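Below are the chains, spelled out letter by letter.
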Amino acid sequence: MTDCIFCRIARREIPAEVVEETPSVLAFKDVHPQAPVHVLVIPKKHIPRLMDLSEEDSALLADVHRVVQEAARRMGLTDDGFRLVVNNGPFAGQAVDHLHYHVLGGRKLGWPPG
Ligand code: 5GP
Ligand code: ZN
């Protein structure tokens, strides 16, 4: 058990607008959306960063990607597309040390990111 904020959301101790849930993965709306659709997809297991993933997380990662697809479908992003972002570490601005995938869509997004 950790008191990390996303672990607490995964345990439903902190409220969130849940979009999709499986036994291993949760998708919920970002509290400060950066686009009309901004969903975070997390493994329920506490993995701090992408660089902490290991071979044993392979099936979990497949689950995460399936939930990304399902969340994108549910939020109506299939045709226009969307961006999937993982901030890893300080230079990327990772603020929450629990691996999370940003699903951003609903408008044309700029590239490159800032
Ligand atoms: P990072 O910068 O670590 O990649 O992204 C963290 C994201 O988590 C930010 O977009 C921030 O708005 C979101 N966030 C932080 N705390 C909460 C929270 O308590 N609930 C929800 N739904 N999103 C959060
Ligand atoms: Zn955590």
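Residues numbered from 1 in each chain as written. Chains lettered and ligands numbered in written order. Predicted model: local features only at pLDDT ≥ 70, side-chain atom pairs only at ≥ 80, totals over all residues. Heavy atoms only, no water.

Participant: Help me out: how do you make sense of the coordination of the zinc ion (ligand 2) in this one?
Facilitator: Ideal values for angles at a metal depend on the geometry: 109.5 degrees with four tetrahedral donors, 90 or 180 degrees with six octahedral donors. Surrounding the zinc ion (ligand 2) are the protein donor atoms Cys 4 (SG), Cys 7 (SG), His 46 (ND1) and His 98 (ND1), which sit 2.0 to 2.3 Å from the metal. Around the zinc ion (ligand 2), the four donor atoms are arranged such that angles at the metal cover 104 to 119°; this shape is classified as tetrahedral. Written as a sequence motif, the donor residues of the zinc ion (ligand 2) are C-x2-C-x38-H-x51-H. For Cys 7, a relative accessible area of 5% corresponds to the buried category. (Donors = N, O, S within 2.8 Å, 3.2 Å for Na, K, Ca; no water. Tetrahedral: all angles 85-135°; square planar, octahedral: opposite > 155°, others 65-115°. Buried < 20%, exposed > 50% of the residue type's maximum accessible area, 1.4 Å probe, protein only.)

Participant: So what exactly am I meant to see when it comes to the environment of Ile 42 here?
Facilitator: Mapped onto the elements of the fold, Ile 42 is located in strand 3 (residues 37-43). When the C-alpha atoms of Ile 42 and Val 85 are compared, they prove to be 12 Å apart, with 43 residues separating the residues in sequence. Beyond its immediate stretch of four places on either side in the chain, Ile 42 contacts Phe 6, Ala 10, Ser 24, Val 25, Leu 26, Phe 28, His 98, Leu 99 and His 100. (Helix = DSSP H or I, 4+ residues; strand = E, 2+ residues; numbered from the N terminus. Contact = heavy atoms within 4.5 Å.)

Participant: Hey, could you run me through the site of ligand 1 in this one?
Facilitator: Surveying the vicinity of ligand 1 reveals 16 residues, the closest of which are Lys 29, Asp 30, Ala 95, His 100 and His 102. The contact in question runs from a nitrogen atom of ligand 1 to an N or O atom on the backbone of Lys 29, over 2.9 Å. One of the backbone N or O atoms of Gly 93 is found 3.0 Å from an oxygen atom in ligand 1. Here ligand 1, which alone exposes 520 Å², has 82% of that area covered by the protein. Mapping ligand 1 onto the cavity grids shows that it belongs to the largest pocket. If you list the elements that add at least two residues to the shell around ligand 1, you get helix 1 (5-10) and strand 2 (25-29). Ranked by residue count, the leading element in the shell around ligand 1 is helix 1, at three residues. Residues belonging to the shell around ligand 1 are distributed by class as follows: eight nonpolar, six polar and two charged. (Near = heavy atom within 4 Å. Polar contact = N/O pair within 3.5 Å; in protein donor to acceptor, adjacent residues only side chain to side chain. Areas by Shrake-Rupley, 256 points an atom, 1.4 Å probe, with all protein chains shown as cover. 1 Å grid on protein atoms, 1.4 Å probe; cavity = no way out; pocket = protein on both sides within 12 Å on 5 of 7 lines; lining within 4 Å. Sits in = over half its atoms within 2 Å of the grid points. Nonpolar A, V, L, I, M, F, W, Y, C, P; charged D, E, K, R; others polar.)

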